[in-house]
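Examining the three-dimensional arrangement
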Amino acid sequence: MYRGLDRSLRVFKHNYLFFNKLKKQAGVRLVCLSFTSVDPPHSFCTGIMQTEIPSHTNEADKIQWFVMRDLKRTNSKLPAYKLLVELNIEFFTPMVCKTVIRGGKRCLMKVPFMQDLLFVRDSRRHLDPIVAGIAKLQYRYIHGGQHILMTIRDADMERFKRAVESADAPRFYRPDEIKPSMIGKKVRIIGGPLHNYEGHLQKLQGSKTKRLFVELPGLITVAVEVRPDYIQLLEK
């Protein structure tokens, strides 16, 4: 069943590696590379791969966290994050467990919390040809920023990742899901994996569990459990 997917992936990787070799040898800023899809409907790259390397060398080579989106269907067998795994590119996307149907059977699988939210750490020089070659993988742009790419500072990204990885059962929220009634007291965490984290507790009526909100503003928020004895109140 996955033979077509495997062949498509090999085609993309072959042409991507060839593109990189050609780019290094020729030192060009704009390259077009033709390639053909394999075994529809599972093919994911067709037509012409075209990319323009940013003219500012320092900016093109700067490694940073880019905010991206994958516009493929949620039930796609080959989402962008799986392709990034194959290409050994560092990325992060919050994952949750969901019941999905595979081969007519229900099974529990880890899937992205938000299909269209993906954080990728690399340089424009390396990423641009990949984005051009993977259908429906796109950069996100700052709203009203005149084509300014959305990026996350390394420190902010690592802070968010550490919070997610410290929790056995992180709870994710979209920006519009956070209501004022959910926001509790402002605190600092003293001790444990989240030492020196500051933020607001989540209001949970009738629950003794304490959860701290950690956010990437305007993108996603996670609530992670913290020990009560680690909590220091910062305001009354």
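Structure report, in brief. (Residues numbered from 1 in each chain as written. Predicted model: local features only at pLDDT ≥ 70, side-chain atom pairs only at ≥ 80, totals over all residues. Heavy atoms only, no water.)

**Section: the overall build of the protein**
The secondary structure content of the protein amounts to 5 helices and 15 strands. Across the 236 residues of the protein, 41% fall into the buried class. Considering only contacts within the protein whose residues lie at least 6 apart along the sequence, 63% involve residues at least 24 apart. Surface summary for the protein: the accessible area is close to 14200 Å², and the carbon and sulfur share equals 50%. (Helix = DSSP H or I, 4+ residues; strand = E, 2+ residues; numbered from the N terminus. Buried < 20%, exposed > 50% of the residue type's maximum accessible area, 1.4 Å probe, protein only. Contact = heavy atoms within 4.5 Å. Areas by Shrake-Rupley, 256 points an atom, 1.4 Å probe, with all protein chains shown as cover.)

**Considering the side chain of D70**
Residue position: D70 is located in strand β3 (residues 64-70). Salt bridges are absent for the buried D70, whose nearest opposite-charge side chain, K72, sits at 5.5 Å. A distance of 3.2 Å separates a polar atom in the side chain of D70 from the backbone nitrogen of K72. A polar contact of 2.9 Å, which involves the side chain of D70, links it to the backbone nitrogen of A80. (Lys, Arg positive; Asp, Glu negative; His and termini not counted. Salt bridge = Lys/Arg side-chain N within 4 Å of Asp/Glu carboxyl O. Polar contact = N/O pair within 3.5 Å; in protein donor to acceptor, adjacent residues only side chain to side chain.)

**Description of unusual backbone geometry**
One non-glycine residue, K136, lies in the positive phi region at around 70 degrees. Looking at the element boundaries, K136 is found in the loop between α4 (124-133) and β8 (137-139).

**Things to note about the nonpolar core**
Counting residues in hydrophobic clusters, the biggest one holds 30 residues, and the most contacted among them are F119, F160, L219 and I220. Looking at this core, the elements that each hand over two or more residues are β3, α5 (154-166), β11 (183-189), β13 (210-216) and β14 (220-226). (Core = buried A, V, L, I, M, F, W, Y, C linked by side-chain atoms within 4.5 Å.)

**What to know about the pairing of β14**
Burial analysis of β14 places 6 of its 7 residues in the buried class, the great majority of the element. Two strands pair when backbone bridges link them, and strand β10 (residues 171-173) and β14 are joined in this way by 3 bridges, in the antiparallel orientation. Counterpart to F172 in the pairing with β14 is V222. Direction of pairing for β13 relative to β14: antiparallel, over a ladder of 7 bridges. Across the sheet, L212 pairs through a bridge with V224, a residue of β14. (Pairing = 2+ DSSP bridges.)

**So, the packing of aromatic side chains**
Inspection of every chain in the model, using the stated rule, returns 5 aromatic pairs. Centroid distance Y81 to F91: 6.2 Å. Interplanar angle 45 degrees. Geometry classified as tilted. On the criterion of sequence distance, the pair formed by Y81 in helix α3 (residues 80-86) and F91 in strand β4 (residues 90-92) is long-range, its members being 10 residues apart. With a relative accessible area of 14%, Y81 lands in the buried category. (Phe/Tyr/Trp six-rings, centres within 6.5 Å; stacked < 30°, edge-to-face > 60°.)

**Describing α5**
The end-to-end C-alpha separation of α5 is 18 Å, in line with the 18 Å expected for 13 residues at 1.5 Å each. When α5 is considered as a whole, its buried residues turn out to be M157, F160, K161, A163 and V164. Along α5, the residues classed as buried sweep out an arc of 160 degrees about the axis, all on the same side. Turned more than 90 degrees from where α5 packs its buried face, A155 and E165 sit exposed. (Expected span 1.5 Å × (residues − 1). Arc of directions from axis to C-beta.)

**Some details on the pattern of salt bridges**
Summed over the entire model, instances satisfying the criterion amount to 9 salt bridges. Among the salt bridges present, the one from R140 reaches D116, with a minimum N-O distance of 3.5 Å. In this pair, R140 is assigned in the loop between β8 and β9 (151-152) and D116 in the loop between β6 (105-112) and β7 (118-122), connecting sequence segments 24 residues apart. One salt-bridge network, in which partners are shared between bridges, spans E90, R121, D154 and K161.

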